[in-house]
Amino acid sequence: MSGRQKPYFGILVFPGTNCETDCYHVLKNLLKVDCKYIWHKEKRDDDINAIIIPGGFSYGDYLRSGAVAKFSPIMSFVRDFAQNGGLVIGICNGFQILLEGNLLPGAMLRNDTLKFICKYVNLKVEDINNPFASGYRKDEIINMPIRHNEGNYYINNDGLKSLKKNNQILLRYCDENGIINENTNPNGSVENIAGICNKERNVFGLMPHPEACCEELLGSDNGLKMFKSMVSFIS
Amino acid sequence: MNLVLMLDVGKEYKKLGLKDNEFLKIQKCLGRKPNYLELSIYSVMWSEHCSYKSSRALLKNFKTTGKYVLQGPGENAGILDIGDNQAIVFKMESHNHPSAVEPYQGAATGIGGIIRDIFAMGARPICSLNSLRFGKLYGDEHQKYLFEMVVKGIGDYGNCMGIPTVGGEVYFDETYKGNCLVNAMSVGLAQKDKLIKSMAFGIGNYLVLIGSSTGRDGIHGATFASDELNEESEARRPSVQVGDPFMEKVVLEVCLELLDKKMILGLQDMGAAGITSSSVEMASKGNVGLDIDVAMVPLREASMVPYEIMISESQERMLALVDPSRLFEVKAICDKWNINCESIGTVTDNSMYRIFKGEELLGEIPVKTLTDEAPIYYHKFEKPKYLETVVSFSLVENDYNSLRSKYSHNEIFKKMISSPNICSKKWVWEQYDHMVQTNTALLPGHDSAVIRIKDTKKAIAFSCDGNGRYCYLDPYKGAIIAVAETARNLACCGAVPMGLTDCLNYGSPEKPGIFWQFKNSIDGIIKACEELDIPVISGNVSFYNESFGKAIYPTPVIGTAGLIKDVKNMLGVDFKDSGDIIILIGKKSVGSGNETDGIGGSEFLELFFDKVAGKCPDIDLFYEKALHSLCIDLIKNGLIKSAHDVSAGGIAVTLAESCLLGKTGAKINIDVKEKDLLKALYNENQSRIVISASRENLEAIKSKCEESRVAYEEIGTTSGETLNINNEITISVNEIIGLYDNAIEKIMSK
């Protein structure tokens, strides 16, 4: 990890990434935190102390989402960075890339509705003992948009047990009262899972877009605490 | 010598869509017979799609200047100055024919094409809107298929590009059954000093092709789009292009990077008629000649012959004007993104358009004969016969009485809000990413879409509207209403209209009745634009929207942009708090009896009486304008909490929408007897807006209305969780939401 004391975020850019400027806006303009873009052909970057893999359609996602991006040169750096305890958050397509790259367990399937879904959903914060959700209350219900074709999270039974045992499930889809069931599951994800972290709790992937809900004007500012949590962790 | 060059052009020109007189004119232009390659080039450049030969003479009468206008019609897209060295660039375009035969790719490439028009001007696309029309869904699997695939095509393309699709409209009417309409509008934001044009200049400069390789897709697409649909259209599926949004995203980023680094001198998108049209247009604008070398064009299929290369409509290609000394830098940027970059042409001073294959000269055409000297037609026009009968129709007391005896007011209301033309289009917009770029200040479902401009206080509002039924009954008034309604929608969120784009969809201009419709609606747009002070900055004409000889309703679609100086003042249509007063401003809920009844061409008439007939609603543009100014003023002064215009479905639907979006009930009392309630609730008379406000502002609002000479009428109060209208309609807001939000989903999942 970098020796820098101040937070400095690297935002990965693959061809087809399309939420990089949205993340940049939140960090730079709303939180006044340093950040920069990192092109996927780069081999490493020693300035940064947190990585964001933003949403989009890396390489068009014509194969499985994230299946091509995992071979990009920068990904081996991401792996090393994570292994050394660096903070990595993958949002939407970024989550899919982390799954494809085996930085997080499980896989992503097509939404069970067979359609792209863009809408605000309610999420329950299941765990706050991690660098990404520490700013929320446990069981807090937050409002964030989802925007994906393939957000139907799948993991086998053993994997699921392990996720639960280690409190790796950070976010689940629910209704405004926190009820988690089939009716509040937008895409068919196993047990309404919306976001998970690794056992070491430094790599986090989620389908909702926290960067899209950091200002009241846009309908919700519930995403801001997620970025603030990360910033305070590395400050 | 190439085989196709030996084809007998005298037998081929008709197959390419050229008329006898046009073939003669070509020979005159050249002073000889064209070869097949030259003939192909003329056929695409003189197609209706590229030349606007039937509409040019009329379109030039549009008001195209105004205080915000930086660029009117004539470029890839129009440009408006929004202050702070910023400009917005936008245009709407049709992709009807391709979508009718291959809805997914047809719609997708329609989006792709219009987006390229925007970044060709040096702007980053910031949002898209669309206007879609199909036959009725219920019980028609084919219409459902078209609808489903068009929406998917638009979604997949825009979502992958990372451009939010933030608004639009969808209508269902049997007139569009054989010829759906897919009109797409794209909007970009640019630094004023980084705008670029598509003109070729500088003898010796290169024309550089950037993006996809060229394949056989979309050959003769422009000619296809200039013909009616019939049994043979199915066989023209190969004329429909195939889209690759990922490639387009990369091409977009490359072009913007090249512009940012000032490496290119001009940029043009490659759409209909491919390399031919884009390069010819660049040359014509710059009054220069061009040498094109087809051997330099990267191909998907090596066996492609020159005419195929020249008119292929392969997507995701751009043509840039580059100083030869900077070509290597341009190539380096393209390499970084792994896309093609080849110099395929050179600017010359001989005003000839010459096509080479290596050293071999294959064709030679004077540039201006392909553009300025293309044929212009002044078609015959005649008032169509159908008008006499349909316009004289009107409902009589007995019709209303029999409907009232059949259904309760509650039942009629529920049917209205569940009609696919009225209900929520949530099923559509939830398939579009409408939030990416994080600027969407008003989520879909309101009167306008609103995009805030980061780092400023400003926001830009957009509204898209058309009404084929009104235009069918009266193309002049119908077109006026389309313009007025977009401006009214903008006023409801507090935006001042700056300019508009139009997409004009009609049948065959060669039929006098159709051309009469076209001419009258153009006159209507001209009138409305002048009175409301909104210039036309770009647009598109789509003719030959007919299937099996039957034309669609004349359907001009208008997309208008408005400025909100401070996004804090933006307003939505939703009722906010309980206990607020609800006021109708503008024309009264029940007319004085002198004007049209507002039932002609209405959704109510079609839904319950299965008729598209009667008189199109009247509109007084002077009054309309006063209403808009008043509404904007009320919003700016913080006097009101919501504003929603009365349009399709009448005031009952307006009230229902304000209730459901605000999750607030209302107690409404309209001063009318029960027997006249249907007319009062469902008439579509113009110039009306329903506002809500704290009671304490009532006097201030009244005096503003009086100053503006706009009528006001207190019609109720927000309260509880039920909408109650004259004690005849009583329905919980939750039930309204259930019906209104899920109506399309219900039909589509059947």
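Model, not experiment: these values are computed from the prediction.

Draft legend 1. Highlighting the interface of chain B and chain A. The interface of chain B with chain A comprises 36 residues on the first partner and 29 residues on the second. Carbon and sulfur atoms make up 61% of the surface buried where chain B meets chain A, a total of about 2500 Å² over both sides. Taken together, the links from chain B to chain A amount to 3 salt bridges. Between Asp433(B) and Arg147(A) there is a salt bridge, with its nearest N and O atoms 2.9 Å apart. Viewed at the interface, chain A and chain B are joined by 11 residue pairs in polar contact (both at pLDDT 80 or more). Sorting the residues of the side of chain B that touches chain A by element identifies helix H8 (141-161), helix H10 (245-260), helix H13 (327-336), helix H18 (426-429) and strand S14 (440-442) of chain B as the ones contributing at least two each. Looking at the side of chain B that touches chain A element by element, the count peaks at 6 residues for H8(B). Residue composition of the side of chain B that touches chain A, by class: 15 nonpolar, 9 polar and 12 charged.

Draft legend 2. Broad picture of the packing of aromatic side chains. Residue and element names in this part refer to chain B. For the structure shown, the criterion picks out 26 aromatic pairs over all chains. Between Tyr 506 and Phe 543 the ring centres are 6.4 Å apart and the planes differ by 55°, which places this aromatic pair in the tilted class. Here Tyr 506, found in the loop between strand S17 (496-505) and helix H21 (512-532), pairs with Phe 543, found in the loop between strand S18 (536-542) and strand S19 (546-547); they are 37 residues apart in sequence, far enough to count as distant. Using a relative accessible area of 3% as the deciding quantity, one classes Phe 543 as buried. With 6.0 Å between their ring centres and 65° between their planes, Phe 604 and Phe 609 make a pair best called edge-to-face.

Draft legend 3. Quick look at the environment of Glu301(B). Residue and element names in this part refer to chain B. Checked against the element boundaries, Glu 301 lands in the loop between strand S9 (289-293) and helix H12 (306-311). Taking the relative accessible area as the measure of exposure, Glu 301 reaches 32% and is therefore partly exposed. C-alpha separation for the pair Glu 301 and Arg 216, spaced 85 residues apart in sequence, amounts to 7.7 Å. In terms of polar contacts, Glu 301 uses its side chain to reach the side chain of Arg 216, at 3.0 Å.

Draft legend 4. Spotlight on the environment of Asp45(A). Residues and elements named next belong to chain A. Within the secondary structure, Asp 45 sits in the loop between strand S2 (34-39) and strand S3 (50-53). For Asp 45, a relative accessible area of 12% puts it in the buried group. Expressed as a C-alpha distance, the spacing of Asp 45 and Asp 22, which sit 23 residues apart in the sequence, is 21 Å. Setting aside its immediate chain neighbours within four residues, Asp 45 contacts Lys 36, Ile 38 and Phe 77. Only 2.8 Å separates the side chain of Asp 45 from the side chain of Lys 36, close enough to count as a polar contact. Side-chain polar atoms of Asp 45 contact the backbone nitrogen of Asp 47, separated by 2.9 Å.

Draft legend 5. Geometry of the sheet that holds strand S11 (residues 203-206) of chain A. Residues and elements named next belong to chain A. With respect to topology, 9 strands assemble into an open sheet ordered S2-S1-S3-S4-S11-S10-S9-S6-S7, the strand pairing being mixed. This sheet does not close on itself; its edge strands, each paired only once, are S2 and strand S7 (141-148). Averaged over neighbouring strand pairs, the angle between their axes works out to 25° when direction is ignored. Pairing between strand S4 (residues 87-91) and S11: 4 bridges, direction parallel. Looking at S11, one finds that Ile 91 is bridged to Leu 206. In the packing of helix H3 (residues 93-100) onto the sheet, the strands contacted are S3, S4, strand S10 (193-197) and S11, and the crossing angle to S4 comes to about 115°.

Draft legend 6. Structural detail: a nonpolar patch on the surface. Residues Met199(B), Phe201(B) and Leu265(B) make up a contiguous nonpolar surface patch of roughly 230 Å² in combined accessible area. With respect to the helices and strands, Leu265(B) occurs in the loop between H10 and strand S8 (266-269).

Draft legend 7. Structural detail: unusual backbone geometry. A positive phi angle, near 50°, is found at Glu191(A), a position not held by glycine. Within the element layout of this structure, Glu191(A) appears in the loop between strand S9 (169-174) and S10. We note that Asn287(B) has phi near 55°; this positive angle belongs to a residue other than glycine. Structurally, Asn287(B) is set in the loop between helix H11 (274-286) and S9.

Draft legend 8. Quick look at the pairing of strand S2 (residues 78-83) of chain B. Residues and elements named next belong to chain B. Burial within S2 is extensive, with 5 of its 6 residues counted as buried. Direction of pairing for strand S1 (residues 69-71) relative to S2: antiparallel, over a ladder of 2 bridges. Residue pairing across strands places Gln 71 opposite Ile 79, the latter belonging to S2. Hairpin connection of S1 to S2: 6 residues between the antiparallel strands, including Gly 74 at a positive phi of 125°. The turn joining S2 and strand S3 (residues 86-94), which pair antiparallel and follow one another in sequence, is formed by 2 residues; a positive phi near 55° is taken by Asp 84.

Thresholds, definitions, all that
Residues numbered from 1 in each chain as written. Chains lettered and ligands numbered in written order. Predicted model: local features only at pLDDT ≥ 70, side-chain atom pairs only at ≥ 80, totals over all residues. Heavy atoms only, no water. Contact = heavy atoms within 4.5 Å. Buried area = accessible area lost by both parts, 1.4 Å probe. Salt bridge = Lys/Arg side-chain N within 4 Å of Asp/Glu carboxyl O. Polar contact = N/O pair within 3.5 Å; in protein donor to acceptor, adjacent residues only side chain to side chain. Helix = DSSP H or I, 4+ residues; strand = E, 2+ residues; numbered from the N terminus. Nonpolar A, V, L, I, M, F, W, Y, C, P; charged D, E, K, R; others polar. Phe/Tyr/Trp six-rings, centres within 6.5 Å; stacked < 30°, edge-to-face > 60°. Buried < 20%, exposed > 50% of the residue type's maximum accessible area, 1.4 Å probe, protein only. Pairing = 2+ DSSP bridges. Axes fitted to C-alpha atoms, helices over the stretch in contact; angles between N-to-C directions. Patch = residues over 30% accessible without salt bridge, like charges linked within 9 Å, V, L, I, M, F, W, Y side chains within 5 Å. Areas by Shrake-Rupley, 256 points an atom, 1.4 Å probe, with all protein chains shown as cover.

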